[in-house]
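# Geometric and topological summary
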Amino acid sequence: ISFLFSLTSLDVLILYFYIRAYYVRNLTVIRILLWVFVAITLFQSTVAFQQFLNNSPVFKNIEHQVDFTEFGLAVDELKFRFRPLGTFPHANILASWLSFFLSLLLIQLLKKRDYFLLTVFVIGDLVLVMSLSRSAWIGTILSIILIYFFCRSRGIKLPTYLTKHLLGMTMLFITLFIFFILPRLQSSIYTFAEGIGGGNLRIEQTLETIDLILQNPLLGVGTSMTVQEGIKLNPRGVFSQAPLTVHNWYLLLASEHGIPALLLFLIFVILSIGKLTQTILISKMTELPDHLTLGALGGMTSLIAIGFFQNFFVLSLVMITCSFFIYEKRSK
């Protein structure tokens, strides 16, 4: 079963090598890719708004989960507040995808006046806030900071059409902060409340996952086998009480595939970030691919940060970033 799970995850790797082998940098392809991301953002936001207004799934075939999702059971969650999840298995996954897309839209809004993209950006931000995903909020903030410093170093200023709406966007943010962000932050104070906070669960998961890694440092326990092997190692441990994988994707990768696999992935990410940064620094930042490369780097940074707090990683978007936006001499 573990081997089959491993096979199903190879599609992303195959896609990456295929794009790297045959794709030549093309403005039309990059523009199409942008609008595909815009379409996904609108589609997921539409489903998410329906779920939020209905306070439950809307029972459509496109939804991954059509029964009621239990939120608010822990003291660091908001009670009686349904978290929209779009067509994804969890609200945090929806928020992760949106954090990447919004980074691309943000840099595109700095490039030229486009009220349609501005509307999509605002809608996506609304859904991101409604998801109540703290990890996605952190990742998005890091992405914005990175984009800001790169734009400042390259002399890119906030367009006048955005400054005209700055007051309205500020008022919208204050409203969202009061009704969504502030209550979530207040509940997060109790994350490490004794016995009932989500923080304690994650600490116990981390400690027992580290034990698994130490027991199987080279090859790991196999794909999707952490919980089973954790129970076998400690029958009365946290995995027997809450059969959930550790909320740190990097530890999960090491436990399932070994420390060498984690090191190889980190080397790949570091080299890719270096190449993306080099691409941005040597570009004139005047064309669409140059701007989207910076947005993709910001989005990739957000996903990397989210991985420290969640048991999943949106590897497909990272691979798309590394295959489409890394400039090489063979490009035309």
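### Notes on helix H9 (residues 198-215)
With 18 residues, H9 should reach 26 Å at 1.5 Å per residue; the first-to-last C-alpha distance of 26 Å fits that figure. Taken together, the buried positions of H9 are occupied by Gly 198, Gly 199, Gln 205, Glu 208, Thr 209, Leu 212 and Ile 213. Among the structural elements, helix H10 (226-233), helix H11 (238-241), helix H12 (249-257) and helix H13 (259-282) are those in contact with the buried residues of H9.

### Details of H13
Its 24 residues place the ends of H13 35 Å apart at the C-alpha level, agreeing with the 34 Å of an ideal helix rising 1.5 Å per residue. Looking only at H13, the buried set comprises Leu 262, Phe 265, Val 269, Ser 272, Leu 276, Thr 279 and Ile 280. Residues of H13 that are buried make contact with helix H6 (134-153), H12, helix H14 (288-306) and helix H15 (315-324).

### Observations concerning the confidence of the model for the protein chain
On average, the protein chain scores 88 in pLDDT, and the residues at 70 or more come to 92%. Per-element averaging of pLDDT across the protein chain places helix H7 (residues 160-164) at the bottom with 76 and H12 at the top with 96.

### Focus: the pattern of salt bridges
As enumerated under the stated definition, the model contains one salt bridge in all. The salt bridge partner of Lys 232 is Glu 229, with a shortest N-O separation of 3.6 Å. Taken as a pair, Lys 232 and Glu 229 lie in helix H10 at a separation of three residues, close to a single helical turn. We classify Glu 229 as partly exposed; its relative accessible area is 22%.

### Details of the environment of Gly 237
Mapped onto the elements of the fold, Gly 237 is located in the loop between H10 and H11. The class of Gly 237 is buried, set by a relative accessible area of 4%. Residues Gly 237 and Glu 208 lie 29 residues apart in sequence; the distance between their C-alpha atoms is 7.8 Å.

### Some details on the packing of helix H4 (residues 91-111) against helix H5 (residues 115-130)
Interaxial distance between H4 and H5 falls to 10 Å at its minimum, and their mutual angle equals 150 degrees. Classed by the angle they form, the pair H4 and H5 counts as roughly antiparallel. You can see that H4 and H5 cross each other, and the crossing is left-handed. Residue-level inspection shows Leu 94, Ala 95, Leu 98, Leu 102, Leu 105, Leu 106, Gln 108 and Leu 109 of H4 in contact with H5, the latter providing Leu 117, Leu 118, Val 120, Phe 121, Gly 124, Asp 125, Val 127 and Leu 128. Grouping the amino acids of the contact of H4 with H5 by side-chain chemistry returns 13 nonpolar, two polar and one charged.

### Considerations on the environment of Gly 139
Position of Gly 139 relative to the elements: it lies in helix H6. Linking Gly 139 and Leu 244, residues 105 residues apart in sequence, is a C-alpha distance of 23 Å. Leave out the neighbours within four places in its chain, and Gly 139 touches Ser 302 and Ala 305.

### Re the side chain of Ser 131
Note on placement: Ser 131 falls in the loop between H5 and H6. Polar side-chain contacts of Ser 131 include one of 2.6 Å to the backbone oxygen of Leu 128. Among all residues touching Ser 131, those that are not within four sequence positions of it are Arg 83, Ala 91 and Ala 95.

### Thoughts on unusual backbone geometry
Glycine aside, residues mostly have negative phi angles, and peptide bonds mostly take the trans form. The phi angle at Leu 132 is positive, at roughly 60 degrees, despite the residue not being glycine. Within the secondary structure, Leu 132 is located in the loop between H5 and H6. If you check the backbone angles, Ser 224 has positive phi at about 60 degrees while not being a glycine. As for its position among the elements, Ser 224 is in the loop between H9 and H10.

### Some remarks on the environment of Leu 132
Among the residues examined, Leu 132 registers a relative accessible area of 2% and is labelled buried. Sequence spacing of Leu 132 and Asp 11 is 121 residues, and the spatial spacing of their C-alpha atoms is 30 Å. Discounting residues that sit within four places of it in the chain, Leu 132 has contacts with Leu 78, Arg 81, Arg 83, Trp 137, Phe 180 and Arg 184.

### Comments concerning the packing of aromatic side chains
As enumerated under the stated definition, the model contains 19 aromatic pairs in all. Residues Phe 37 and Phe 100 carry aromatic rings whose centres are separated by 5.9 Å and whose planes lie at 90 degrees to one another, so their mutual orientation is edge-to-face. Here Phe 100 lies in helix H4 and Phe 37 lies in helix H3 (residues 27-54), a separation of 63 residues in the sequence. Both residues of the pair, Phe 37 and Phe 100, belong to the buried class. Arranged with centres 6.2 Å apart and planes meeting at 75 degrees, the rings of Phe 100 and Phe 101 form a pair that is edge-to-face. The same class applies to Phe 100 and to Phe 101, which are both buried. Cluster of aromatic residues (ring-pair linked, three or more members): Phe 37, Phe 88, Trp 97, Phe 100 and Phe 101.

Scoring rules and cut-offs
All chains use their own residue numbering, which begins from 1 and follows the written sequence. Reporting in this predicted model follows two pLDDT cut-offs: at least 70 for local features of residues, and 80 or more for side-chain atom pairs to be given and counted; totals over whole chains, interfaces and linings ignore these cut-offs and use all residues. Water and hydrogen atoms were dropped before computing side-chain values, which therefore reflect all heavy atoms in the structure. Here a strand is any run of E in DSSP of at least two residues, a helix any run of H or I of at least four, and the numbering for each starts at the N terminus. By definition here, a helix of n residues has an expected span of 1.5 Å times n minus one. Burial status follows relative accessibility: with a 1.4 Å probe on protein chains alone, a residue under 20% of its type maximum counts as buried, one over 50% as exposed, and anything between as partly exposed. Contact criterion: two residues are considered in contact whenever any of their non-hydrogen atoms come within 4.5 Å of each other. Each residue carries a pLDDT value, the predictor's own confidence for that position, ranging from 0 to 100. Think of a salt bridge as a Lys or Arg side-chain nitrogen and an Asp or Glu carboxyl oxygen that are within 4 Å of each other. To obtain an axis, a line is fitted to C-alpha atoms, over the contacting stretch when the element is a helix, and the angle between two such axes runs from 0 to 180 degrees between their N-to-C directions. In these notes the angle categories are as follows: under 35 degrees is roughly parallel, over 145 is roughly antiparallel, 65 to 115 is roughly perpendicular, and the rest is oblique. Each crossing gets its handedness from the near helix: less than a right angle anticlockwise from the far helix is left-handed, clockwise is right-handed. Ten residue types, Ala, Val, Leu, Ile, Met, Phe, Trp, Tyr, Cys and Pro, are classed as nonpolar, four, Asp, Glu, Lys and Arg, as charged, and the remainder, Gly among them, as polar. Any pair of nitrogen or oxygen atoms within 3.5 Å is treated as a polar contact; in protein, a donor-acceptor pairing is required on top of that, and neighbouring residues in sequence qualify only through side-chain atoms on both sides. When two rings of Phe, Tyr or Trp (its six-membered ring) have centres within 6.5 Å they constitute a pair, described as stacked for plane angles under 30 degrees, edge-to-face for angles over 60, and tilted for the intermediate range.

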